[in-house]
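Tertiary structure, described
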Amino acid sequence: MRQSSDTSSTDSDRRLDTRLEQLRMIYSAVPMSLVAVLLNSSILSAMLWNVVSPVLNLGWLGATFAVSLYRWAMFRRFCAVPRERQDTHHWWPRLAAGTLASGLVWGTTSVLLFTEDSMLHQLFLAFVIAGMSAGAVSTLSASFPLAAGFLGLTLLPMTWRFALTGGAIGYVMAFMSGLYCIVVTVSALRLNRTIVESLQIRHERRMAEETIRHQAHYDALTDLPNRRMLLEQHAPVRQNGQCV
């Protein structure tokens, strides 16, 4: 019974440790992600300035900057917290809110910035969206739900918008957009599995090292410091006595 309880506790610790490391990985990628968001959104807004209503253009760009500012603020607050006090319960919801809001804003480009009369601008918009989605795979795959949520919010509206245009080209573009969404989502899933396995192996190695150190310095029956630990602790005292 006790062994089962110890095993359950160990599994729970491993899951918590892995989830916390996933959180730290995604937060560490926030600065790079924000640079890409701000650059791409500014370029997209400039390229569509003459073909999209300035009100819609600036409104979308302002929303992008507002979400980015929120994500930067959360990143700074997370980094200000001492490592030992960082927890998943408090910071995961904030991370998810910023990430999904960013995906939603990029998804609205299919409604606000889609130009029905210019195939060239449609392709440019699709190219930017595809690039942002590819970047999300590398920065968000530590958490597959976040990655999948961002990709769905970003790519599915584009697929739907191309389908609404009708015609052979519209349907082909919708099919290719949907296929791309599936491919990048599967890639995010595979990368997520690799990351999680790596984090779990690292956690198990660290726990094994701590167990070895504990067994080397504490008695197996009484769990009291053994002779080796006492000798190591008193070694500096003996050395100082010899010097005197």
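Computed from a predicted model, the values in this text were never measured in an experiment. (Residues numbered from 1 in each chain as written. Predicted model: local features only at pLDDT ≥ 70, side-chain atom pairs only at ≥ 80, totals over all residues. Heavy atoms only, no water.)

Quick notes on helix H3 (residues 54-80)
For H3, spanning 27 residues, the distance from its first C-alpha to its last is 38 Å, which sits close to the expected 39 Å at 1.5 Å a residue. For H3, every residue scored as buried is listed here: Asn 57, Trp 60, Leu 61, Thr 64, Val 67, Ser 68, Arg 71, Met 74, Phe 75 and Phe 78. (Helix = DSSP H or I, 4+ residues; strand = E, 2+ residues; numbered from the N terminus. Expected span 1.5 Å × (residues − 1). Buried < 20%, exposed > 50% of the residue type's maximum accessible area, 1.4 Å probe, protein only.)

Concerning helix H4 (residues 88-107)
Across its 20 residues, H4 extends 27 Å between first and last C-alpha, which sits within 8% of the 28 Å expected from 1.5 Å per residue. All buried positions along H4 are accounted for by Thr 88, Trp 91, Trp 92, Leu 95, Gly 98, Thr 99, Ser 102, Gly 103, Val 105, Trp 106 and Gly 107. Looking at where H4 begins, the residue whose side-chain oxygen comes 3.3 Å from the main-chain nitrogen of His 89 is Asp 87. (Polar contact = N/O pair within 3.5 Å; in protein donor to acceptor, adjacent residues only side chain to side chain.)

Focus on the packing of aromatic side chains
Counted according to the given criterion, the structure contains six aromatic pairs. Ring geometry for Tyr 27 and Phe 78: centres 4.2 Å apart, planes at 10°, overall stacked. Taken as a pair, Tyr 27 in helix H1 (residues 2-28) and Phe 78 in helix H3 lie far apart in primary sequence, 51 residues in all. With relative accessibility at 1%, the residue Tyr 27 sits in the buried group. (Phe/Tyr/Trp six-rings, centres within 6.5 Å; stacked < 30°, edge-to-face > 60°.)

Notes on the confidence of the model for the protein
Taken as a whole, the protein shows an average pLDDT of 83; of its residues, 77% reach a score of 70 or greater. Per-element confidence in the protein ranges from a low mean pLDDT of 52 for helix H9 (residues 227-243) to a high of 95 for H3. The low-confidence segment residues 1-6 (pLDDT under 50) makes zero contacts with residues lying over four places distant or belonging to another chain. (pLDDT = per-residue confidence, 0-100. Contact = heavy atoms within 4.5 Å.)

Examining the pattern of salt bridges
Once the charged atoms of two side chains with opposite charge are near each other, the side chains can pair. A complete count under the given rule lists three salt bridges for this structure. A salt bridge links Glu 21 to Arg 24, with the nearest nitrogen and oxygen atoms 2.7 Å apart. In this pair, Glu 21 and Arg 24 both sit in helix H1, three residues apart, roughly one turn of the helix. By relative accessible area, Glu 21 is classed as buried at 12%. For Arg 24, a relative accessible area of 13% puts it in the buried group. Across the pair Arg 83 and Glu 21 runs a salt bridge, and its minimum N-O distance is 3.4 Å. Linking Arg 83 in the loop between H3 and H4 with Glu 21 in helix H1, this pair joins segments that are 62 residues apart in sequence. (Salt bridge = Lys/Arg side-chain N within 4 Å of Asp/Glu carboxyl O.)

Remarks on the nonpolar core
Within the largest apolar cluster, 47 residues are counted, with the highest numbers of intra-cluster contacts made by Leu 23, Tyr 27, Leu 44 and Trp 106. Contributions of two or more residues to this core are made by H1, helix H2 (30-47), H3, H4, helix H6 (119-140), helix H7 (144-165) and helix H8 (167-217). The element contributing the most residues to this core is H6, with eight residues. The contact partners of Trp 106, leaving out residues within four places of it in the chain, are Val 37, Asn 40, Ser 41, Leu 44, Trp 60, Val 128, Ile 129, Met 132, Phe 150 and Thr 154. (Core = buried A, V, L, I, M, F, W, Y, C linked by side-chain atoms within 4.5 Å.)

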